[in-house]
Amino acid sequence: MNVKQFYEAVNGNYVAALDTMMMDSFIIKMLTKFNEKNSFDALKESYLNEDYRGVFEAAHSLKGVVGNLALTDLFNKVVPVVEAVRNYTPNQKVDIKGDFEKLEESYNLVIENIKTLLA
């Protein structure tokens, strides 16, 4: 798998990533760091603990990273989660289960394809 094929597999925007990072080798370097950091763990832990402030912080951070990497589908899945908890106040009922499941599925697809790209 090459970088362009990776972006096709994850419904990302290869051209935008290349415009930002200039070279496939730099894209690979950033995807490697993304894979190693596993920023999704904090988000999932906050979600499971119903810590919606934590969900917001982790999802907002993830949104920025995936936006910079032009991982379009993953970006589009994290935005509804961010917006659902953006103005969270204690004792507020929050239902992000469906959005979170879509986000997790898209995230797992990206991670699986990063591993294939790096193999």
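Residues numbered from 1 in each chain as written. Predicted model: local features only at pLDDT ≥ 70, side-chain atom pairs only at ≥ 80, totals over all residues. Heavy atoms only, no water.

J.: So, the overall build of the protein chain: which residues are in play, and what are the values?
T.: Each helix and strand counted, the protein chain has seven helices and zero strands in total. Element order for the protein chain, N to C, with α for helix and β for strand: α-α-α-α-α-α-α. The C-alpha atoms of the protein chain give a radius of gyration of 15 Å, which matches the 14 Å a tight globule of 119 residues would have. Intrachain contacts of the protein chain at a sequence separation of at least 6 include 66% that bridge at least 24 residues. Approximately 6800 Å² of the protein chain is accessible, and the part contributed by carbon and sulfur atoms is 49%. The positive charge centre, built from 13 side chains, and the negative charge centre, built from 17, are 3 Å apart in the protein chain. (Helix = DSSP H or I, 4+ residues; strand = E, 2+ residues; numbered from the N terminus. Rg over C-alpha atoms; globule rule 2.2 N^0.38 Å. Contact = heavy atoms within 4.5 Å. Areas by Shrake-Rupley, 256 points an atom, 1.4 Å probe, with all protein chains shown as cover. Lys, Arg positive; Asp, Glu negative; His and termini not counted. Charge placed at Lys NZ, Arg CZ, Asp CG, Glu CD.)

J.: How would you summarise the nonpolar core if you had to cite specific residues and measurements?
T.: By size, the foremost hydrophobic cluster in this structure holds 38 residues, and its most contacted members are Phe6, Tyr7, Phe34, Leu43 and Leu71. Of all the secondary structure elements, the ones that give two or more residues to this core are α1 (3-9), α2 (14-21), α3 (24-37), α4 (40-48), α5 (52-68), α6 (72-85) and α7 (97-118). If we skip the residues at most four places from it in the chain, leucine 43 touches Val55, Ala58, Ala59, Leu62, Phe100 and Leu103. (Core = buried A, V, L, I, M, F, W, Y, C linked by side-chain atoms within 4.5 Å. Buried < 20%, exposed > 50% of the residue type's maximum accessible area, 1.4 Å probe, protein only.)

J.: Explain α3 to me, using residue names and the numbers behind them.
T.: End to end, α3 covers 20 Å across 14 residues, agreeing with the expected 20 Å (1.5 Å per residue, within 8%). Along α3, the residues classified as buried are Ile27, Leu31, Phe34 and Asn35. Projected down its long axis, α3 shows its buried positions confined to an angular sector of 95°, all on one face. Turned more than 90 degrees from where α3 packs its buried face, Glu36 and Lys37 sit exposed. Where α3 is buried, its residues contact α1, α2, α5, α6 and α7. (Expected span 1.5 Å × (residues − 1). Arc of directions from axis to C-beta.)

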